[in-house]
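Descriptive structure summary
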Amino acid sequence: MNATHSDAFVFFGATGDLAFKKIFPSLQAMAKRGHLNVPVIGIGRSAPDLAALQARARESLEQHGGIDPAAFEKLTSLLRYVRGDNADPAMYQALRKELNGAKRPAFYLAIPPNMFGTVVKELGKSGCVTKGSRVIVEKPFGTDLVSAQRLNGILLSAFGEKQIFRIDHYLGKKPVHNMLFFRFANALLEPVWNRQNVESVQITMAEDFGVQGRAAFYDQTGTIRDVMQNHLFQVLANLAMEPPVRTDSESIRDEKVKVLKAIRPLEAQNLVRGQFRGYGKEPGVAAGSTTETFAAFKLEIDSWRWRGVPFYFRAGKCLPVTCTEILVRLRQPPTMYEGFELKTNHCRLRISPDVAIAIGMNSVAADDESLNQPVEVEWGRCPAAEEMDAYERVLGDAMAGDATLFAREDYVEEAWRIVDPVLKAETPAFEYEPKAWGPAEAERVTPPGGWQNPVLTRLC
């Protein structure tokens, strides 16, 4: 273990759904790779003792990825349990005893944000927080700008900004964080990656399923809060940022924040919200709910590189496919081939379910030299089974003290600043049929040349 790695991992909400679905599988994967060698201390109330928590961990892994006998044995040997109420000072004294003088404990708050204040305050009062501590928190980080600022204030009351790791697991996806390497380690894109050559950019995050039993949560959140102001803005930042002066976390995050600072607040005229037919009948949805399950909007980045280039976003549930894809359309160059119906060139980047990079070009048709035939040259693959899961990556990076894949305070607040006005504007949510690409009204927010709907060519 190096001098910056956490020497204990504490997770609040050890008996909750997030631990069951994500944390235990990620911890087992880390143990399998030899990346987990510190005490793992669960905090909860519903499990009566350590044996019950170990049994829940086993059940979690049986349902989410399977048990690796050697890795599970390693995980259970490291597992500890402190039972108690998050508001009970005695519980924190028991935790301090279990920490046994750890200098760099990592505290994962897998709990509702309204409990952050109590937990952070009690951690500080009990002496559990050290100069080397770090705290890991889940999205959504607030519900608007004011609540995000309030949560930041709570965390900063006990931890320094460099000790705070705000998780957006989407950044842990290999294709997302590899976008920077693809851009800045190759000469292919950068010469044309600017306003002189790019006509428009569109980013689609489609899901072919509904709310999947999360209606009570989703009805308080909606598509913009759930995936657009966090996941898709992170993709945008990676696409549009300037090259950092170094590859350290602060240099990279500085450039990402500059992208968001150059974006004016989203206006209602550039947004269309939708709701799939039948959403109101989901258990947990409020009567007459206008929460969006689809949104499409347009933004512009007022920077030297991107001024005048529109960026289009759409995301939603009950769409035709599950896929996240970026399409960058290039401007049409002058041409002497006047009789041909030439298409704009494009670069297509697919993030999931498969990974693909494609370049769209014009070619003479094979059977008629008087006609144009658009072609696409593609490289693609399915993620390998042994690849690191997004949650495993971000947990490992947080414990190692690498903040590159985590949102900084100023980034979070800039993201909320952009969407805050339309969240308060109460724009209508138009109904759309399941398996359609959103409501008909979404045509109002359409890129030049139209949306390119993702087509799945690989079964991953």
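See above for the structure.
The following paragraphs examine the structure supplied in this document. (Residues numbered from 1 in each chain as written. Predicted model: local features only at pLDDT ≥ 70, side-chain atom pairs only at ≥ 80, totals over all residues. Heavy atoms only, no water.)

A closer look at the overall build of the chain
Heads up, the condition is: Strands are runs of DSSP state E lasting at least two residues, helices are runs of H or I lasting at least four, and both sets are numbered from the N terminus onward. Here the radius of gyration uses the C-alpha set of atoms, whereas the globule reference equals 2.2 Å times the residue count to the power 0.38. Exposure classes here rest on a 1.4 Å probe applied to the protein chains alone. A residue is buried below 20% of its type maximum, exposed above 50%, and partly exposed in between. In short, Shrake-Rupley with a 1.4 Å probe defines the accessible areas, and a residue's cover is counted only from the protein chains shown. His residues and chain termini do not enter the charge count, which takes Lys and Arg as positive and Asp and Glu as negative. For charged residues, the charge sits on one atom: NZ in Lys, CZ in Arg, CG in Asp, CD in Glu.
Within the chain one finds 13 helices and 15 strands. Computed over the C-alpha atoms, the radius of gyration of the chain is 24 Å, within 12% of the 23 Å expected from 2.2 N^0.38 for a compact globule of 460 residues. Taking the principal axes of its C-alpha atoms as reference, the chain extends roughly 80 × 50 × 40 Å. A total of 460 residues make up the chain; the buried ones form 52% of that total. Put simply, the chain shows about 20600 Å² of open surface, and 52% of that area lies on carbon and sulfur atoms. Across the chain, the mean location of the 55 positive side-chain charges is 5 Å away from that of the 56 negative side-chain charges.

Quick word on the packing of aromatic side chains
Basically, it comes down to this: Pairs were defined over the aromatic rings of Phe, Tyr and Trp, the Trp ring being its six-membered one, requiring ring centres within 6.5 Å. Orientation was assigned from the angle between planes: stacked under 30 degrees, edge-to-face over 60, tilted for the rest. Remark: a charge is flagged as sitting over a ring if the NZ atom of Lys or the CZ atom of Arg is within 6 Å of the ring centre and within 35 degrees of the ring normal.
Evaluated as defined, the whole model comprises 13 aromatic pairs. Summarising the aromatic geometry, the rings of Phe 9 and Phe 11 are spaced 5.8 Å apart at their centres and angled 25 degrees between planes, so their arrangement reads as stacked. Summarising the burial analysis for this pair, Phe 9 and Phe 11 share the class buried. One aromatic cluster is present, formed by Phe 9, Phe 11, Phe 24 and Tyr 108 through successive ring pairs. Sitting over the face of the ring of Phe 141, Arg 166 holds its NZ or CZ atom 5.2 Å from the ring centroid. It is Arg 195 that lies over the ring of Trp 304; its NZ or CZ is 4.7 Å from the centre.

A word on helix α4 (residues 89–99)
Spelled out, the test is: Think of it as the arc spanned by the lines of direction from the helix axis to the C-beta atoms. In what follows, residue pairs with any heavy atoms lying within 4.5 Å of each other are defined as contacts. A 3.5 Å cut-off defines polar contacts: any pair of N or O atoms within that distance qualifies, except that in protein one atom must be a possible hydrogen donor and the other a possible acceptor, and neighbouring residues in sequence count only when both atoms are side-chain atoms.
Those residues of α4 lying buried are Met 91, Tyr 92, Leu 95 and Leu 99. Along the axis of α4, the buried residues cluster in a sector spanning 95 degrees; they form a single face. Structurally, α4 contributes buried residues whose contacts are with β1 (8–12), β2 (40–44), β3 (79–83), β4 (105–109) and α5 (116–126). One side-chain oxygen of the residue at the start of α4 lies 3.0 Å from the amide nitrogen of Ala 90, identifying that residue as Asp 88. At the exit of α4 stands Asn 100, carrying a positive phi of roughly 55 degrees.

A word on the side chain of Ser 133
Relative to the elements of secondary structure, Ser 133 occurs in the loop between α5 and β5 (134–137). With a relative accessible area of 2%, Ser 133 lands in the buried category. Polar side-chain contacts of Ser 133 include one of 2.7 Å to the backbone nitrogen of Thr 130. If we ignore the near neighbours within four places in the chain, the residues touching Ser 133 are Lys 103, Arg 104, Pro 105, Phe 107, Cys 128, Phe 159 and Gln 163.

So, the pairing of strand β12 (residues 346–352)
Note on strand geometry: in a regular strand, side chains alternate between the two faces of the sheet. Counted only if it meets this: Note on pairing: DSSP must find at least two bridges between two strands before they are called paired.
Most of β12 is tucked away, with seven of its seven residues classed as buried. The sheet contact formed by strand β11 (residues 323–330) and β12 spans six bridges and is antiparallel. From the neighbouring strand, Leu 327 faces β12, where its bridge partner is Arg 348. Where β12 lies against strand β13 (residues 355–365), five bridges are found, and the strand directions are antiparallel. Following the sheet pairing, Leu 349 is matched in β13 by Ile 357. Where β12 folds back on β13, the antiparallel hairpin that results is connected by two residues.

Regarding the pattern of salt bridges
We apply this condition: When a carboxyl oxygen of Asp or Glu lies within 4 Å of a side-chain nitrogen of Lys or Arg, that pair is called a salt bridge.
Within the structure shown, the criterion is met by 28 salt bridges. Here Arg 408 makes a salt bridge to Asp 254, at a shortest N to O gap of 2.9 Å. Residue Arg 408 is found in the loop between α12 (390–400) and α13 (409–425), and its partner Asp 254 is found in helix α11 (residues 249–261); the two are separated by 154 residues along the sequence. Judged by its relative accessible area of 11%, Arg 408 falls in the buried class. Among the ionic pairs, Glu 433 bridges to Arg 277, the shortest N-O distance being 2.7 Å. Of this pair, Glu 433 sits in the segment after β15 (429–432) while Arg 277 sits in the loop between β8 (271–276) and β9 (294–300), placing them 156 residues apart in sequence. Residue classification places Glu 433 among the partly exposed residues on the basis of a relative accessible area of 40%.

Geometric values such as these leave the question of function open.
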